Amino acid sequence: AFGYLAQQMFPELITNPEGFVLVGMAAFFSSVAKVPIASTILITEMSASYGLIVPLIFASTIAYIGAQKGGIYRQQLEDRLESAAHRDHFLHDVLDNVKIRSAYDPIDNMPVLHRSDTTDKILEAFTDSETLVLPVKDKNEKLVGLISLFDVRSLINQEMMSVIIAADIMYPPKVLHLNDSFSKAFDLFLDTGFPEIPVLKPGSETEFVGTLSERNFLLTYEKCVREGVDKRETTHYGI
């Protein structure tokens, strides 16, 4: 009706009043569903033409801005993180793209144990250390394992404590590099059960620059997820 009225008033300017139907559809859906960009794309595909792209953009945007308090989705989620359909996408995106260098704790000195070190020497090393996990090397200074302080504590006051050496209680050397992703760190935390994972110096397989703790991993992970949601909220409500 509006299209035909406009054609009567401006016959030389309005030649296809039917186009107002499509623009009205886009504006209506933009306002009630909060999806101005999707509405524009949808109508463009339906009409198989870009001839209405400008009025579609203007009408959809105005309708979207003018209907902020209303909508057909009474329980529309605040962001994609709250949606079960999109949550996995965000979680995997963070795990794959965030690097260890953004969350590790630098350490100037990390004591090194050797395979033949006794329990007393291991405890002494942990006393001088800032970390909860220490590397174990062989006589050629090659990294051969890791020892967790929690495992050493469980041996205190046991009868066999005096005869146990580092080689008896060490784990395979699961370590990280600064450019490794959070995805690898996540796998190592699950695999080892360690409260922190040693981080190697770039280009080295024996020198450590720090550790990545579970706490820093979780805090950085949550921060990155939230930042990712904030950056995409415009896209979320715009599509």
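Going by the structure above, here's the rest.
Criteria and thresholds
Residues numbered from 1 in each chain as written. Predicted model: local features only at pLDDT ≥ 70, side-chain atom pairs only at ≥ 80, totals over all residues. Heavy atoms only, no water. Core = buried A, V, L, I, M, F, W, Y, C linked by side-chain atoms within 4.5 Å. Buried < 20%, exposed > 50% of the residue type's maximum accessible area, 1.4 Å probe, protein only. Salt bridge = Lys/Arg side-chain N within 4 Å of Asp/Glu carboxyl O. Helix = DSSP H or I, 4+ residues; strand = E, 2+ residues; numbered from the N terminus. Phe/Tyr/Trp six-rings, centres within 6.5 Å; stacked < 30°, edge-to-face > 60°. Contact = heavy atoms within 4.5 Å. Pairing = 2+ DSSP bridges. Axes fitted to C-alpha atoms, helices over the stretch in contact; angles between N-to-C directions.

Regarding the nonpolar core
With 40 residues, the main nonpolar core has Ile122, Ile147, Leu176, Phe182 and Leu212 as its most contacted residues. Ala27, Ile43, Leu56 and Ala59 belong to the second-largest nonpolar core, a separate cluster that totals seven residues.

Describing the pattern of salt bridges
The tally for this structure, following the rule as stated, stands at four salt bridges. We note a salt bridge from aspartate 191 to lysine 174, for which the minimum N-O separation is 3.4 Å. Taken as a pair, aspartate 191 in helix H9 (residues 182-192) and lysine 174 in the loop between helix H8 (166-169) and strand E5 (176-177) lie far apart in primary sequence, 17 residues in all. Close ionic contact of lysine 201 with glutamate 207 constitutes a salt bridge, the shortest N to O distance being 3.9 Å. Overall, lysine 201 belongs to the partly exposed group, its relative accessible area being 38%.

Notes on the packing of aromatic side chains
Within this structure, the stated rule accounts for six aromatic pairs. Centre to centre, the rings of phenylalanine 186 and phenylalanine 217 are 6.4 Å apart; their planes meet at 20°, and the pair counts as stacked. Highlighted residues: phenylalanine 186 in helix H9 and phenylalanine 217 in helix H10 (residues 214-238), separated in sequence by 31 residues. Its relative accessible area of 35% is what places phenylalanine 186 among the partly exposed residues. Judged by relative accessible area, which is 6%, phenylalanine 217 ranks as buried. An aromatic cluster is defined as three or more aromatic residues linked by ring pairs; in this entry it consists of Phe182, Phe186, Phe189, Phe217 and Tyr221.

Some words on the side chain of threonine 40
By the secondary structure assignment, threonine 40 is in helix H3 (residues 36-47). A relative accessible area of 8% means that threonine 40 is categorised as buried. The residues touching threonine 40, leaving out its near neighbours within four places in the chain, are Ile53, Leu56, Ile57 and Ser60.

With respect to the sheet that holds strand E1 (residues 105-106)
With respect to topology, four strands assemble into an open sheet ordered E1-E7-E6-E5, the strand pairing being mixed. For this open sheet the edge positions go to E1 and E5, each flanked by a neighbour on one side alone. Sheet topology note: the E1/strand E7 (residues 208-213) ladder contains two bridges and is antiparallel. Within the sheet, the bridge partner assigned to aspartate 105 lies in E7 and is threonine 211. Packing of H9 onto the sheet brings it into contact with E5, strand E6 (196-200) and E7, and relative to E6 it is tilted by some 130°.

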